[in-house]
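Here's the letter readout for the chains.
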Amino acid sequence: MSELKYWIGFSLIPGIGPVRLSRIREHFGDLERAWQASGPELEAIGLDQRAVKTILAQRPRINLEAEMAKLARYRIKVLTLDDPSYPPRLREIYEAPPVLYVRGELLPEDEWALAVVGSRRVTTYGRQVTEELVTGLVEAGLTIVSGLARGVDTIAHRAALKAGGRTIAVLACGLDLVYPGENLELAQEIMQHGALVSDYPLGTRPRAENFPRRNRIMSGLSLGVLVTEAMERSGALITANLALEQDREVFAVPGNIFSPASRGCNRLIRDGAKLVQEVNDILEELNLNLVPKAPQKALPENEVEAQIVQLLSQEPRHIDEICRTTRLPTSTVASTLALMELKGMVRSLGGMNYALLG
């Protein structure tokens, strides 16, 4: 524990990544000695002059005790590569993050995790498949990992929580910040049923160059990556490529060939990603047989519910179309759909669109 503050100290110095820190540790034996090392001692282990100058310039400016106090104030745990609680799957990847900041709790069962990613501008179709697949994955016992971004990430986290599961959000900034700010309440809920994770120290802003590093942690924590909807240049494809480099499975949901929102997923499938139409496509590929017996579905309790059930399918249908076909008043259809959603019979897809659940 006494050496922890020196791990944190080196994490605060720009340019001291996994490779350089590993070299420093191997030479000095412990980071406390390394923290006190002189310029010539640092040069002797093969660090270039720029890195040595950075260490010597930054070290006096860092108040290690103050950093430890800030972490305690935010209730942030710090896991290092030497810590037995460090996620084993993440430890396996090339240049694993030396320091991991955690708000919330990482549990042993989080080793059975799947990253779910996709576009920030999600369509009704993308929302539907993300919600349904995440719900099934949670019911199968998997933890959902994502990046707290707008769109698919947010939908995946919310669906996991709604299904009573665990979810982990990996951030591209310090854990004293939440990006985007609109997800502050969601982040707080995730901390109660999972964790916020970052390898960036407190105070780090979410710059564009931080996101690829964030993505490699998402895939590194997981058995594989599921892309539910992505455009051709989506950042989700970076996560998929990192997963392949880490020898993780890549899954993708096919979409309309004419829809720009599905071009990224369709290209992943063309290039060898596992095509996903249902949860069992993922579980079988991962050799998991965790899906419990499906609960008995609620049956229509009256004629109005029966008409709506007969009309709906897995495809989105607008409430206006339901009213025209059934010739029922909008108020009757709207109130019935609200009750059916509470019973778990239908799902609202936004924009007054509905589909059968399951």
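Residues numbered from 1 in each chain as written. Predicted model: local features only at pLDDT ≥ 70, side-chain atom pairs only at ≥ 80, totals over all residues. Heavy atoms only, no water.

Draft legend 1. Broad picture of the nonpolar core. Membership of the largest hydrophobic core comes to 39 residues, with the highest contact counts inside it found for Phe10, Ile24, Leu31, Tyr101 and Leu196. Counting residues per element, the ones that place at least two in this core are α1 (4-11), α2 (18-28), α3 (31-35), α5 (49-58), α6 (64-73), β2 (99-104) and α10 (184-192). The element best represented in this core is α1, accounting for five residues. In this structure, Leu79, Ala195, Val197 and Ala273 belong to the second largest nonpolar core, which totals 30 residues. (Core = buried A, V, L, I, M, F, W, Y, C linked by side-chain atoms within 4.5 Å. Buried < 20%, exposed > 50% of the residue type's maximum accessible area, 1.4 Å probe, protein only. Helix = DSSP H or I, 4+ residues; strand = E, 2+ residues; numbered from the N terminus.)

Draft legend 2. Representation of helix α17 (residues 330-342). In this model α17 runs 19 Å from its N-terminal to its C-terminal C-alpha over 13 residues, within 8% of the 18 Å that 1.5 Å per residue would give. Listing the buried residues of α17 in full gives Val333, Thr336, Leu337 and Met340. Buried residues of α17, seen end-on, are gathered within an arc of 105° and therefore sit on one face of the element. In α17, the exposed positions angled more than 90 degrees off the buried face are occupied by Ser331 and Leu342. Among the structural elements, α15 (303-311), α16 (319-326), β11 (346-350) and β12 (353-356) are those in contact with the buried residues of α17. The positive-phi residue at the C-terminal boundary of α17 is Gly344, with phi of around 80°. (Expected span 1.5 Å × (residues − 1). Arc of directions from axis to C-beta. Contact = heavy atoms within 4.5 Å.)

Draft legend 3. Structural context of the confidence of the model for the protein. For the protein, the mean per-residue pLDDT works out to 91, and 97% of the residues sit at or above 70. Across residues 290-295, confidence stays below pLDDT 50; counting only partners more than four residues off in sequence or on other chains, it has seven contacts. (pLDDT = per-residue confidence, 0-100.)

Draft legend 4. Quick look at the side chain of Thr143. Within the secondary structure, Thr143 sits in strand β4 (residues 143-146). Contacts of Thr143, omitting those with residues within four sequence positions, involve Glu109, Asp110, Trp112, Ala113, Leu114, Arg166, Thr167 and Ile168.

Draft legend 5. Layout of the sheet that holds strand β3 (residues 113-117). Judged by pairing direction, the sheet is mixed, and its nine strands sit side by side in the order β1-β2-β6-β5-β4-β3-β7-β8-β9 without closing on themselves. Lying at the two open borders of the sheet, with one neighbouring strand each, are β1 (77-80) and β9 (274-275). Bridge analysis of β4 against strand β5 (residues 167-170) gives three bridges, and the strand direction is parallel. Across the sheet, residue Ser146 finds its bridge partner in β5, namely Ala169. (Pairing = 2+ DSSP bridges.)

Draft legend 6. A look at the packing of α15 against α17. For the pair α15 and α17, interaxial distance at closest approach is 10 Å and the crossing angle is 80°. The orientation of α15 with respect to α17, classified from their angle, is roughly perpendicular. Across the interface between the two elements, Val304, Glu305, Ile308 and Val309 of α15 pack against Thr332, Val333, Thr336, Leu337 and Met340 of α17. Within the contact of α15 with α17, the residues separate by chemical class into six nonpolar, two polar and one charged. (Axes fitted to C-alpha atoms, helices over the stretch in contact; angles between N-to-C directions. Parallel < 35°, antiparallel > 145°, perpendicular 65-115°, else oblique. Nonpolar A, V, L, I, M, F, W, Y, C, P; charged D, E, K, R; others polar.)

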